[in-house]
Amino acid sequence: MVSSRLTYLALLIAAFIFSQALYDSISLFTLAVVLLLPLISLLCLLISLALVKIRTVPAPAKVRRMEKTVMKVQIDSKTPLMLPMMKFGITASNPEGDASVKGYTVAHYRAFGTSILEIPILFNTRGIYKVGIDWVEFYDFMRLFRIRRKIARKSYITASPRNLHLDLSLKSSPQEQENTVTAGGRETKNNGDLSGIREFNEYDTLRNVHWKLSARLSKMIVKTYWENSRKNVMVLADLFPYEEDRLLNRRLTDGVVEVVLEISNLLTEQGVHTMLGYPSYDSFLHTQTISSIEEQIEATETFAMVPMMEKGGLMQSLHEVDFSSLQGGALYVVSSMPAEDLEKCLRPYMRSVNCDLQFFVVRPEPEACNQRTKLITLKELEGGVEE
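These numbers come from a predicted model, not from an experiment.

Novice: Residues and numbers for the nonpolar core, please.
Specialist: Grouped together as the largest cluster of nonpolar side chains are 35 residues, with contacts concentrated most on L239, V259, I263, F303 and Y332. Broken down by secondary-structure element, the contributors of at least two residues to this core are β14 (233-237), α4 (246-269), β15 (274-278), α5 (293-304), β17 (330-335), β18 (356-363) and α8 (378-382). The biggest single contributor to this core is α4, with nine residues. Other than its neighbours up to four places away in sequence, F303 contacts R126, A237, L239, V257, V260, L261, L276 and Y278.

Novice: Could you give an account of the pattern of salt bridges, naming the residues involved and the relevant values?
Specialist: Once the charged atoms of two side chains with opposite charge are near each other, the side chains can pair. The tally for this structure, following the rule as stated, stands at 13 salt bridges. Across the pair E382 and R65 runs a salt bridge whose closest N-O atoms are separated by 3.7 Å. With a gap of 317 residues between them, E382 in helix α8 and R65 in the loop between β2 (62-64) and β3 (68-77) connect regions that are remote in the sequence. Take E382 and R65: they sit in the same class, and that class is buried. A salt bridge links E243 to R363, with the shortest nitrogen-to-oxygen separation between them at 2.8 Å. On the criterion of sequence distance, the pair formed by E243 in the loop between β14 and α4 and R363 in strand β18 is long-range, its members being 120 residues apart. Taking relative accessible area as the criterion, R363 reaches 7% and is therefore assigned buried.

Novice: How would you summarise the side chain of E137 if you had to cite specific residues and measurements?
Specialist: Checked against the element boundaries, E137 lands in strand β8 (residues 127-139). Given the relative accessible area of 4%, E137 is considered buried. Looking at E137, its side chain comes within polar contact range of the side chain of R148, at 2.6 Å. Apart from the residues within four sequence positions on either side, E137 is in contact with M85, M86, K87, R146, I147 and R148.

Novice: Give me the lowdown on the sheet that holds strand β5 (residues 99-100), citing residues and values where you can.
Specialist: Sheet architecture is open: four strands sit in the order β1-β3-β7-β5, paired in antiparallel fashion. Each having just a single partner strand, β1 (52-56) and β5 make up the two edges of the open sheet. Judged from the two bridges that link them, β5 and strand β7 (residues 113-123) form a sheet pairing that is antiparallel. Considered in β7, the bridge of A99 is made with F123.

Novice: Describe α5, and please don't skip the residues or the numbers.
Specialist: Its 12 residues place the ends of α5 16 Å apart at the C-alpha level, agreeing with the 16 Å of an ideal helix rising 1.5 Å per residue. Taken as a whole, α5 has its buried residues at Q296, A299, T300, F303 and A304. End-on, the buried residues of α5 take up no more than an arc of 130°, which puts them together on one face. For α5, the exposed residues lying more than 90 degrees away from the buried face are E294, E298 and E301. Lining the buried residues of α5 we find β14, α4, β15 and β16 (286-290).

Novice: Explain unusual backbone geometry to me, and be specific about the residues and the numbers.
Specialist: We note that M66 has phi near 65°; this positive angle belongs to a residue other than glycine. As for its placement among the helices and strands, M66 is situated in the loop between β2 and β3. Backbone geometry at S218 places phi at a positive 60°, although glycine is not the residue there. The topology assignment puts S218 in the loop between α3 (211-217) and β13 (221-227).

Novice: Describe in detail the sheet that holds β14, supporting the description with residues and values.
Specialist: Across the sheet, which stays open at both edges, the six strands sit in the order β16-β15-β14-β17-β18-β19 with mixed pairing between neighbours. Looking at strand neighbours, the two that pair on one side only are β16 and β19 (373-377), the edges of this open sheet. On average, each strand axis in the sheet is inclined to that of its neighbour by 15°, with strand direction left out of account. Two strands pair when backbone bridges link them, and β18 and β19 are joined in this way by five bridges, in the parallel orientation. Pairing of F360 across the sheet is with K374, part of β19. The strands that helix α7 (residues 339-350) touches are β17, β18 and β19; relative to β18, the one it contacts most, it runs at about 155°.

Parameters and conventions
- Residues numbered from 1 in each chain as written.
- Predicted model: local features only at pLDDT ≥ 70, side-chain atom pairs only at ≥ 80, totals over all residues.
- Heavy atoms only, no water.
- Core = buried A, V, L, I, M, F, W, Y, C linked by side-chain atoms within 4.5 Å.
- Buried < 20%, exposed > 50% of the residue type's maximum accessible area, 1.4 Å probe, protein only.
- Helix = DSSP H or I, 4+ residues; strand = E, 2+ residues; numbered from the N terminus.
- Contact = heavy atoms within 4.5 Å.
- Salt bridge = Lys/Arg side-chain N within 4 Å of Asp/Glu carboxyl O.
- Polar contact = N/O pair within 3.5 Å; in protein donor to acceptor, adjacent residues only side chain to side chain.
- Pairing = 2+ DSSP bridges.
- Expected span 1.5 Å × (residues − 1).
- Arc of directions from axis to C-beta.
- Axes fitted to C-alpha atoms, helices over the stretch in contact; angles between N-to-C directions.

Below, the structure is given as structure tokens:
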């Protein structure tokens, strides 16, 4: 716009010098045209301002993070004049979020027609974003003047975690053996892992008899199994930050959430009853039981938008875990803590607990880890397959 004004000023000076040098009708007419051009251009601008309507096409209320989204702007023109350009100020704001969007975009529109402007937006982190146009600037033909119009209407878009398909090898799964448990004289069958032995009673079935040991002891001995239920299979999500960069912490936490959701889906598909544990603003350990697909959907929908914690750490969550209930079961810990530090953090709690322990660690870069730790880098995670 500055260059347009300088160009016009140079043209005006040249016309003035030309008219003064020749001082004839042609030179005076040229000077008059040069003087009137800005007024004509401004008049066209004012006409277009009154006859051009801007509205935002409703955007989807929910999208996946790292998924390309398009915000559409509809430009309805009832003027025969087509201005050279309009400039839109775009916002996709969330105090705790991060979205990739141009600060402004330039558009041209038709005379007597409707134009659609598509603005790409990428939400890098979870959250609820306020999306829309802050203002529109109209420019005249000569780009000497501009008029800004504010637009107050905004829409809200929720950027939720992605559904990933990662290669997660879970050690614990329901056993094929059936455990006959007596309760009030009734038989109930449960899948589980071998726990111990006991003497045969009238409610037991022969399928669980330990024949070799029974022959050695000269009495009937049966095998007992740990029940794979919500009491001894737990998925623990660590939503605390461990890096100095706040945005990096948000991305790592989002990765933790997505891995937890994937583990929960896999366990539910296998028919394993689990407990989902994670910190919240109310407590360092909030738990939800999952014993059916319906409970899994309800629990994961609540967990999906839990924000990154600002205070506390994983130790506070571990203090509230009942580790005795995990005996014979499994514990899956998903964290963005360095793998070595996570191992040290869990070690005091697991000394007297016999259960499958697996770590899933989301880190910015590859690092050394032991066999029980599955390391997932941000590059691997954010390049995963989306649904």
